[in-house]
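Topology and contacts: notes
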Amino acid sequence: MRVLDLDGSRLPDALLDPHLTDIDESALTNLYVDMVRVRRLDTEAFALTRQGHLVLWPPLLGQEAAQVGPARALRTEDWVFGSYREHAFALLKGVDLAEFANVWKAYAHGGWDPQEIRMAPAQIIIGAQSLHATGFAMASKLDRSDDVALACFGDGATSEGDVNEALVWASAFQAPVVFLCQNNQYAISEPVRVQSGTPLALRPTGFGIPSMRVDGNDVLAMHAAARIAFERARSGGGPTFIEAVTYRRGPHTTTDDPKRYRDEAELEEWTAKDPIDRVERALERMGANMEAVRAEAKIRADELAKELRAAAEHAVAPHADAMFEHVYDQPTKRIQRQQAERRAFAASIEGNR
């Protein structure tokens, strides 16, 4: 499903078009600025990692539309349960950049307060967040709330047991959860064709969950698909699965070398489908003053990068005892014993100096 062609022209779509009637030049400009800011955050964090200010970074270059579109369809009260690459959701949900930087500097387990921004901490266990999202959605339904949960994961996670269990529970209890699979073509180094000979969007249909296969580099198509899914969940229609067909143009993380498993021709093919370039062309067709739009986007993106750099460079390492805090609501005897052992070990080192 696509509504923005590569040249920026609008394509008719009977399902998506009714959910885009309010997207005028101003709204599309806002989505453009969002994507430019997200990309700038990504490139700055990548540079900070190479310069030793961050420990690790999972880039999202090329996946901006797949995240910004759905992020701008969320209500403030809705929850996001992401993996470790949902930087656009964190940014647009309002995460404090100092807390955000602490995560990737290995100074914090979760970083931000999940209750404050309605987004769970980054999840490194592949697919585990899909169960968390489904559990929240089931609770939301029991509470007669219309809050929706969004579970974000990659193509590789669809082969994990956690995701399939989440689909079972979501279907059985008609939970108000939306599953967003960002099919960026690679599960680390394994291409998606290795794990599936058919589109991933067909998998949830076996659980009785309707799905949409969307051009993940088309921010308008992603925005409309998310609106449809959120409205369906909010009105009692149950879960929906969205497969966003996109591409990870950078490495899996800053410790990865993608040249070992993909060629330049493939990268060039997907670079030509750049989601930001596509919106620029659409705005030009609308008659927007692109010189002014680009200038404003750059100013806001540079401000964001400057704030992130300051946060990463001036972050203060927590005390070693902090690793024992918040493991459980109340410390267990085992945790207390481990903490005492760490303190004794640290004292022994100091005593031998």
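Everything here concerns the structure above.
Residues numbered from 1 in each chain as written. Predicted model: local features only at pLDDT ≥ 70, side-chain atom pairs only at ≥ 80, totals over all residues. Heavy atoms only, no water.

Further remarks concern empty space enclosed by the protein. The full count for this structure, using the stated rule, is 2 cavities of 30 Å³ or more. At the level of elements, α3 (87–93) and α4 (97–104) are the ones that each hand at least two residues to the lining of the largest cavity. The residue makeup of the lining of the largest cavity, split by class, is 9 nonpolar, 2 polar and 2 charged. When grouped by side-chain class, the residues that make up the lining of the second largest cavity number 6 nonpolar, 2 polar and 1 charged. (1 Å grid on protein atoms, 1.4 Å probe; cavity = no way out; pocket = protein on both sides within 12 Å on 5 of 7 lines; lining within 4 Å. Points joined across faces, edges and corners; volume = space filled by probe spheres on them. Helix = DSSP H or I, 4+ residues; strand = E, 2+ residues; numbered from the N terminus. Nonpolar A, V, L, I, M, F, W, Y, C, P; charged D, E, K, R; others polar.)

Attention now moves to the nonpolar core. With 74 residues, the main nonpolar core has Y32, F89, F100, L150, L220 and I242 as its most contacted residues. Counting 22 residues, the second largest nonpolar core, distinct from the first, contains A120, A151, A166 and F179. (Core = buried A, V, L, I, M, F, W, Y, C linked by side-chain atoms within 4.5 Å. Buried < 20%, exposed > 50% of the residue type's maximum accessible area, 1.4 Å probe, protein only.)

What follows covers the packing of helix α1 (residues 25–50) against helix α12 (residues 290–313). Contact geometry for α1 and α12: axes closest at 8 Å, N-to-C directions at 35 degrees. As for the relative orientation of α1 and α12, their crossing is right-handed in sense. Residues T29, Y32, V33, V36, R37, R40, L41, E44, A45, A47 and L48 of α1 touch α12, and the partners they reach there are M290, V293, R294, A297, R300, A301, D302, L304, A305, L308, R309 and A312. (Axes fitted to C-alpha atoms, helices over the stretch in contact; angles between N-to-C directions. Left-handed = near helix turned anticlockwise from the far one by under 90°. Contact = heavy atoms within 4.5 Å.)

What follows concerns the environment of Q51. Assignment of secondary structure puts Q51 in the loop between α1 and α2 (64–71). Exposure remark for Q51: the relative accessible area of 46% places this residue in the partly exposed category. Residues Q51 and G238 lie 187 residues apart in sequence; the distance between their C-alpha atoms is 46 Å.

Our focus in this paragraph is the sheet that holds strand β1 (residues 79–81). Spatially, the 5 strands line up as an open sheet ordered β1-β2-β3-β7-β6, and their pairing is parallel. Each end of this open sheet is capped by a strand with a single partner; those strands are β1 and β6 (211–215). When strand polarity is set aside, the average angle formed by the axes of neighbouring strands in this sheet is 20 degrees. Pairing of strand β3 (residues 177–183) with strand β7 (residues 240–245), which is carried by 6 bridges, proceeds in the parallel orientation. Paired with L180 across the strands is I242, a residue of β7. Here helix α6 (residues 128–142) sits on the sheet and contacts β1, β2 (149–154) and β3; the angle it forms with β2, its principal contact strand, is near 170 degrees. (Pairing = 2+ DSSP bridges.)

Another point: a nonpolar patch on the surface. A cluster of nonpolar side chains, V168, W169 and F173, forms an exposed patch at the surface whose accessible area comes to about 300 Å². Relative to the elements of secondary structure, V168 occurs in helix α7 (residues 161–172). Judged by its relative accessible area of 42%, V168 falls in the partly exposed class. (Patch = residues over 30% accessible without salt bridge, like charges linked within 9 Å, V, L, I, M, F, W, Y side chains within 5 Å. Areas by Shrake-Rupley, 256 points an atom, 1.4 Å probe, with all protein chains shown as cover. Salt bridge = Lys/Arg side-chain N within 4 Å of Asp/Glu carboxyl O.)

Estimates place the volume of the largest pocket at around 390 Å³. In this structure, the largest pocket is lined by 13 residues; those nearest its centre are Y107, A108, H109, A322 and M323. The residue makeup of the lining of the largest pocket, split by class, is 7 nonpolar, 5 polar and 1 charged. In this structure, the second largest pocket encloses a volume near 320 Å³. Taken together, 21 residues form the lining of the second largest pocket, with Y84, I126, G154, G156 and H252 sitting closest to its centre. Counted by class, the lining of the second largest pocket contains 7 nonpolar, 9 polar and 5 charged residues.

Let us look at the pairing of β7. When a strand is regular, its side chains alternate between the sheet's two faces. By the criterion of burial, β7 is predominantly enclosed, with 6 of the 6 residues buried. As judged from the 5 bridges shared by β6 and β7, these two strands associate in the parallel manner. Across the sheet, V214 pairs through a bridge with A244, a residue of β7. As a crossover connection, the stretch from β6 through helix α9 (residues 219–234) into β7 is right-handed. (Right-handed = clockwise from strand over helix to strand, strands pointing away.)

Next up on the list: the pattern of salt bridges. Opposite charge on two side chains makes pairing possible when the charged atoms of those side chains draw close. In total, this model carries 28 salt bridges according to the counting rule given. D215 is paired through a salt bridge with R2; the nearest N and O atoms lie 2.7 Å apart. With D215 in strand β6 and R2 in the segment before α1, this pair connects stretches of sequence that are 213 residues apart. Residues D274 and R39 are paired through a salt bridge, measuring 2.8 Å at the closest nitrogen-oxygen approach. Taken together, the residues span a long stretch of sequence, with D274 in the loop between α10 (264–271) and α11 (275–286) and R39 in helix α1 at a distance of 235 residues. Salt bridges sharing partners connect three or more residues here, namely R40, E44, K298, D302, R309 and E313.

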